[in-house]
Protein chains: 2
Amino acid sequence: MMVLVDAMGGDNAPAAIVKGCVDALNTEDDFSVTLIGDRPSIEKVLVNEKYDKNRLFIRHTSEVITNDDSPTKAIRSKPDSSLVVGFNMLKEKEGDVFISAGSSGALLAASVMILKRIKGVERPAVGSVIPTKKGKLLLLDSGLNHTCRSSHYVQFGYLGAAYMKSAFGVENPRVGLINIGTEDEKGTDVVREANVMLRESRLNYVGNIESRDLFDGITDIAVTDGFTGNVVLKLIEGASSFFVGELKSLLFANLKSKMAALMLKKGLDGFKRKIDADVNGGAPILGIDGLVIKSHGSSKARTIKYVVLKAKVLAASSFIEDLKHDFLTVPKENPSENAEA
Amino acid sequence: MMVLVDAMGGDNAPAAIVKGCVDALNTEDDFSVTLIGDRPSIEKVLVNEKYDKNRLFIRHTSEVITNDDSPTKAIRSKPDSSLVVGFNMLKEKEGDVFISAGSSGALLAASVMILKRIKGVERPAVGSVIPTKKGKLLLLDSGLNHTCRSSHYVQFGYLGAAYMKSAFGVENPRVGLINIGTEDEKGTDVVREANVMLRESRLNYVGNIESRDLFDGITDIAVTDGFTGNVVLKLIEGASSFFVGELKSLLFANLKSKMAALMLKKGLDGFKRKIDADVNGGAPILGIDGLVIKSHGSSKARTIKYVVLKAKVLAASSFIEDLKHDFLTVPKENPSENAEA
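Below you will find a few notes about this structure. Because the structure is a prediction, the values reported are computed rather than measured. (Residues numbered from 1 in each chain as written. Chains lettered and ligands numbered in written order. Predicted model: local features only at pLDDT ≥ 70, side-chain atom pairs only at ≥ 80, totals over all residues. Heavy atoms only, no water.)

## Section: the relation of the copies chain B and chain A
Reasoning step 1: In the superposition of chain B on chain A (RMSD 0.0 Å, axial shift 0.0 Å), the rotation amounts to 180°. Accordingly, the operation relating the two chain copies is best matched by a two-fold axis. Proximity to the rotation axis, assessed at the C-alpha, singles out Ala260(B) in chain B; its C-alpha lies 2.2 Å from the axis. (Least-squares fit on C-alpha atoms with pLDDT ≥ 70 in both.)

## Observations concerning the packing of aromatic side chains
Reasoning step 1: Summed over all chains, the structure comprises 15 aromatic pairs over all chains.
Reasoning step 2: Here Phe242(A) and Phe215(B) contribute two aromatic rings whose centre-to-centre distance is 5.1 Å and whose plane-to-plane angle is 15°, an arrangement assigned as stacked. Linking Phe242(A) in helix H8 (residues 226–251) with Phe215(B) in the loop between strand S8 (204–209) and strand S9 (221–223), this pair reaches from one chain into another.
Reasoning step 3: Members of the aromatic cluster, connected to one another through ring pairs, are Phe215(A), Phe242(A), Phe243(A), Phe271(A), Phe215(B), Phe242(B), Phe243(B) and Phe271(B). (Phe/Tyr/Trp six-rings, centres within 6.5 Å; stacked < 30°, edge-to-face > 60°. Helix = DSSP H or I, 4+ residues; strand = E, 2+ residues; numbered from the N terminus.)

## Let's talk about the packing of helix H6 (residues 150–168) of chain B against helix H7 (residues 189–200) of chain B
Residue and element names in this part refer to chain B.
Reasoning step 1: Closest axis-to-axis distance for the H6/H7 pair is 8 Å, and the angle between their directions is 45°. Considering the angle they form, H6 stands oblique to H7. Remark: the crossing between H6 and H7 carries right-handed chirality. Between H6 and H7, the residues in contact are Ser150, Ser151, Tyr153 and Val154 and Val190, Val191, Glu193, Ala194, Met197 and Leu198, respectively.
Reasoning step 2: Its residues assigned to classes, the contact of H6 with H7 shows 7 nonpolar, 2 polar and 1 charged. (Axes fitted to C-alpha atoms, helices over the stretch in contact; angles between N-to-C directions. Parallel < 35°, antiparallel > 145°, perpendicular 65-115°, else oblique. Left-handed = near helix turned anticlockwise from the far one by under 90°. Contact = heavy atoms within 4.5 Å. Nonpolar A, V, L, I, M, F, W, Y, C, P; charged D, E, K, R; others polar.)

## Quick notes on the sheet that holds strand S2 (residues 32–37) of chain B
Residues and elements named next belong to chain B.
Reasoning step 1: Strand order across the open sheet formed by 11 strands is S3-S2-S1-S4-S11-S10-S5-S6-S9-S7-S8, with mixed pairing between neighbours. The sheet terminates laterally at strand S3 (56–60) and S8, the two strands that pair on one side only. For this sheet the average axis-to-axis angle between neighbouring strands, irrespective of direction, equals 25°.
Reasoning step 2: Two strands pair when backbone bridges link them, and strand S10 (residues 283–286) and strand S11 (residues 292–294) are joined in this way by 3 bridges, in the antiparallel orientation. Pairing of Ile285 across the sheet is with Val292, part of S11.
Reasoning step 3: Docked against the sheet, helix H5 (residues 104–115) engages strand S4 (97–100), strand S5 (125–131), S10 and S11, running at close to 170° with respect to S11. (Pairing = 2+ DSSP bridges.)

## Looking at the interface of chain B and chain A
Reasoning step 1: Taken together, the contacts link 46 residues of chain B with 46 residues of chain A.
Reasoning step 2: In this assembly, chain B packs against chain A so that about 4,500 Å² is buried in total across both faces, 78% of it on carbon and sulfur atoms.
Reasoning step 3: Applying the counting criterion to the chain B and chain A interface returns 6 salt bridges.
Reasoning step 4: In this structure, the salt-bridge partner of Glu237(A) is Arg212(B), at a minimum N-O distance of 2.9 Å.
Reasoning step 5: Listing elements by their share of the side of chain B that touches chain A, those giving two or more residues are helix H8 (226–251), helix H9 (255–263) and helix H10 (265–274) of chain B.
Reasoning step 6: Looking at the side of chain B that touches chain A, the element that brings in the most residues is H8(B), giving 19 residues.
Reasoning step 7: For the side of chain B that touches chain A, the class distribution of residues is 23 nonpolar, 15 polar and 8 charged. (Buried area = accessible area lost by both parts, 1.4 Å probe. Salt bridge = Lys/Arg side-chain N within 4 Å of Asp/Glu carboxyl O.)

What follows is the structure in structure tokens.
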């Protein structure tokens, strides 16, 4: 099992990326890692780390794609970038899964340009795991397809269901459709149509769900278009940061509140664990013929460690094969479209 | 100054509605209230209340529109409902502002059917006030127009700006456009076009804003389509309830945590005040020729009290006249559309 990691992507690269991989290697032993990026920079970090040298490899690259690059252009003009090399290694089966905390745009463009879609998939989607009262749910599409046709929502349901099964062991995951009311007549024409199509699908569809109920744990998967999904994802980040910020400032206001904070330590730690995004294993890019995981741009070593460990689980599963099988019979709006991909 | 109130709308009607109006009358004395609804039910609540009888009137009605009614049909088939009577009284200048916690759908339908749009307004919108780190912002459209053309976003900006000025005294309010990135090339075609049009407008436009930054207080107004706005609004409700629920259960977990909660009382009260939706004065329906405020379906007496007091401020301002003046020169995509309204 070989996990390919873009050592140069993200705000804290390469140090956090390299350290995260070392931590993952030291936690479980049934896999290897290839760090892709500038060898001297990577070695500079590794010199201070302890790890099994037989399980960590470096693939030197000379270029880096940044957030300022135009994604499509960068993929063509920077063939020796860590991102492009990573995708090509995955395609050539030199690794089982590829992880990057780099430019989302480039990552998504490369997914479609280099790896291609699974036969039957109209639109690949990004999934994001968000915390709920009872566990977690996968939100998709969380940013790739700004506008969607009704059949895309159904496809997102199948993509999400396969992921929740392979990554988290959720059997027959419940799928909800984000809408502005639970009644069938709510929403735009496209969303109303998607609701009907989802009900007719083989998915474990629970119906329309309102965003206020996302945290209640009534679904394992919430499907929506990439514009709404991205707004939802970032709003949850913003709301978390708002509430946690307010909580911190009230706990650290004075000596008395600091004492109270100490008394609450156990409960606060539990809450922190509940909303800890690091442990969720990153955002999978679903619907392409290969396992690619996007980690947050601000990923720390701890984030990367968990992404690597989750990626390995996914790579050991029959995830891609299951999807290929599923999509032989998943309804498409325009069956001929896939021929062009 | 006469405030018209639908006594029959909302989950807690008529008791909470009537009590809220009495509380408002007992707080400030420069206005009167007409309660519209079933006289016996209203009088049954009033019998236990103390208030200035010269400032509270009842207009008896025999019908009620519920959430189960089809909005447009209900307005036609229930002419003696509290909602329809309220709108007609407002139209006939028997009052200065109308408040209802009843069915959103019926309220919005009646706004357009009975009151008509202000000349130049393509689409009326609902505004909702949400808390930020530094105060509050108005989110619109928060549910009325599922899909929008680019000119609508600009119009929402003008509607929101007039409201923030009249209701909260914000001069030259900052307007942001909810998008999935701050860069000009982000978003759907319609949103990208709206960004350009907003920049060219007379509004104090700050550019695209991401949902994660909504709480930072960088804008006074956030414009978006009614689908996204409704998802944002309900997600904030859901996130608040999630965080407050988690906080409560950690504070009331055991004796030690309860002691800590007591020590934090002052800070917790401040936080509660910050996210207190009751004091924000309800959701105005903007762009129609009359002042209509929607209060939450689950409004309590306290909510209604603040909605009445804010409505009175708005009614005393030149809000509608300002809007009529603004919209003489606000750009429209299709100038002829307004002739049909």
